[in-house]
Each structure stands twice: as structure tokens, then as C-alpha cells.
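Here are the chains, one letter per residue:
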Amino acid sequence: MTNDTRPPAAPLPIAPGTWALDPFHSSVNFTIRHLGIAKVRGRFTGFDTELHVGRTVEETRVSATIDLASIDTGNADRDAHVRASDLLDVEKRPTMAFRSTRVSGAGEDWTMDGELTIGDVTRPLTLAVEFGGLVDVPMEGAGRHAGFEATGEIRRSEYGLDFAPGLLGEVVKIQLDMQFVEPAAA
């Protein structure tokens, strides 16, 4: 007899293996307040994500790398300024990287704890993850696709990105829309 009072692990909604990112149906988006009165929305167009689904949720992990120079806020002049050494400094901080440390949840609602690194600063980050579902794509060879939305927020100053206080908000809200393709059967 065991004294373990934890609830049993929820069954995983997708098959084990390394799922390939579908970059054409995925996006990395953010919002930040400008002057405290309006939101500026943007995205990063250069990113790669790996989803490795284990036999159990404890064996499941996610990693991602985002090219900070790929920022796109819809204004080329603003994007060039954000990349510059007095702001993001993409020469010094070329990427942002995430590595999951724990995944938990069931059904459509999951939580992913991990570590986000920007430049030489690594901090914990928790993302709320919604499982959008699993579908067979009717095109030949397209396989099954799984969709996820993950949301969270970071505080810029915790990563040494404390430029333009008062002009730009402290909190950056993150929204990730990801679609992955099931690994081929072995």
C-alpha cells in the first residue's frame, strides 16, 4: 500500500514522439503598453520550437528559440530602433530561449513551467496552455496536427531590459499559437 496522495497523471492527449513545428500555422506574438495608454502589438517571425511528448506528462518537454532581430511591430523604423544597442541590443542578445521544466494539467487546460533566457539572464516563466485539439489533415502526407495556445507575461526589468521607463510598459504579454505535426509511425 502506498501513501502517495497525488492524483493520478492525466492521460496525454497526443502520441509520444518528437512533433515537428508547422511554422506556416504558428506565431509568436506580444503586446506592450505605450505611454501607459495604448497597446503596441508585435510578433517575432524567426523562431523554432521542439515538442517532445514522452510516455507520461513528466517525460514531456518543450524548447524554443526566438530570433530577436525578427521583431515585427508593423513599423520598420520602430523595429530598427528596438533592435539597436540602446534598446534590445540584438548584437548582444540575438536570441530568446525557453526550456520547459514541468508540464501539468488535463483536457484542454495545461500549465507549462520553464525558464526563459534573454541575453545572459534566465528567469522562471509559467505559461497557461490551451490544447486546441488534434485533427487529421486530409492532404496526402500531412498527418495529424495538434494545436496549442500558450499565454504568459514577463517583466522587462527582470531581464535587464529596463530602457524607456514611462514610455514603454514594464509588463510584456506573450501569446504563442503553435501547431505541430505528429511524428511518422515507427
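Our structure is the block above this text.
Residues numbered from 1 in each chain as written. Predicted model: local features only at pLDDT ≥ 70, side-chain atom pairs only at ≥ 80, totals over all residues. Heavy atoms only, no water.

**Here we look at the overall build of the protein**
Next up, step 1: Helices and strands together make up the secondary structure of the protein, namely 1 helix and 11 strands.
Next up, step 2: Counting from the amino terminus, helix and strand elements in the protein follow one another as β-β-β-β-β-β-α-β-β-β-β-β.
Next up, step 3: Its C-alpha atoms put the protein at 55 × 50 × 30 Å along the principal axes.
Next up, step 4: Expressed as a percentage of the 186 residues in the protein, the buried residues total 35%.
Next up, step 5: The long-range share in the protein, meaning contacts at least 24 apart out of those at least 6 apart in sequence, stands at 54%. (Helix = DSSP H or I, 4+ residues; strand = E, 2+ residues; numbered from the N terminus. Buried < 20%, exposed > 50% of the residue type's maximum accessible area, 1.4 Å probe, protein only. Contact = heavy atoms within 4.5 Å.)

**With respect to the side chain of Ser-100**
Next up, step 1: Mapped onto the fold, Ser-100 is located in strand 7 (residues 95-106).
Next up, step 2: Overall, Ser-100 belongs to the buried group, its relative accessible area being 7%.
Next up, step 3: For Ser-100, the side chain forms a polar contact with the main-chain nitrogen of Val-62, separated by 2.8 Å.
Next up, step 4: If we ignore the near neighbours within four places in the chain, the residues touching Ser-100 are Thr-60, Arg-61, Val-62, Met-112, Asp-113 and Gly-114. (Polar contact = N/O pair within 3.5 Å; in protein donor to acceptor, adjacent residues only side chain to side chain.)

**A look at the pairing of strand 4 (residues 47-53)**
Next up, step 1: Here strand 4 shows a buried face lined by Phe-47, Thr-49, Leu-51 and Val-53 and an unburied face lined by Asp-48, Glu-50 and His-52.
Next up, step 2: Here strand 1 (residues 17-21) runs beside strand 4; their pairing, made up of 3 bridges, is antiparallel. Considered in strand 4, the bridge of Trp-19 is made with Leu-51. (Pairing = 2+ DSSP bridges.)

**Describing a positive patch on the surface**
Next up, step 1: Residues Arg-33, Lys-39, Arg-41 and Lys-173 make up a contiguous surface patch of positive charge.
Next up, step 2: In this fold, Lys-39 is placed in strand 3 (residues 38-44). (Patch = residues over 30% accessible without salt bridge, like charges linked within 9 Å, V, L, I, M, F, W, Y side chains within 5 Å. Areas by Shrake-Rupley, 256 points an atom, 1.4 Å probe, with all protein chains shown as cover. Salt bridge = Lys/Arg side-chain N within 4 Å of Asp/Glu carboxyl O. Lys, Arg positive; Asp, Glu negative; His and termini not counted. Charge placed at Lys NZ, Arg CZ, Asp CG, Glu CD.)

**A word on a nonpolar patch on the surface**
Next up, step 1: A surface patch of nonpolar side chains, amounting to about 310 Å² of accessible area, comprises Leu-35, Ile-37 and Leu-167.
Next up, step 2: Looking at the element boundaries, Ile-37 is found in the loop between strand 2 (27-34) and strand 3.

**What to know about the pattern of salt bridges**
Next up, step 1: Enumeration according to the criterion identifies 7 salt bridges in this entry.
Next up, step 2: The shortest N-O distance in the salt bridge between Arg-102 and Asp-113 comes to 3.9 Å. Placement of the pair is Arg-102 in strand 7 and Asp-113 in strand 8 (residues 109-118), with a sequence separation of 11 residues.
Next up, step 3: In this structure, Arg-144 and Glu-182 form a salt bridge, with 2.9 Å as the shortest nitrogen-oxygen distance. A residue pair is termed long-range when its members are at least 10 positions apart, and Arg-144 in strand 10 (residues 144-155) and Glu-182 in the segment after strand 11 (168-181) qualify at 38 residues.
Next up, step 4: Residue classification places Arg-144 among the partly exposed residues on the basis of a relative accessible area of 29%.

**Considering the packing of aromatic side chains**
Next up, step 1: In total, this model carries 3 aromatic pairs according to the counting rule given.
Next up, step 2: Taking 5.3 Å as the distance between ring centres and 45° as the angle between the ring planes, the aromatic pair formed by Phe-131 and Phe-148 counts as tilted. With Phe-131 in strand 9 (residues 121-136) and Phe-148 in strand 10, this residue pair connects regions lying 17 residues apart in the sequence. For the pair formed by Phe-131 and Phe-148, the shared burial category is buried.
Next up, step 3: Arranged with centres 6.2 Å apart and planes meeting at 70°, the rings of Phe-148 and Phe-180 form a pair that is edge-to-face. Here Phe-180 lies in strand 11 and Phe-148 lies in strand 10, a separation of 32 residues in the sequence. Taken as a pair, Phe-148 and Phe-180 share a single burial class, namely buried.
Next up, step 4: Note that Arg-156 overlies the ring of Phe-163, its terminal NZ or CZ placed 4.9 Å from the centroid. (Phe/Tyr/Trp six-rings, centres within 6.5 Å; stacked < 30°, edge-to-face > 60°. Lys NZ or Arg CZ within 6 Å of the ring centre and 35° of its normal.)

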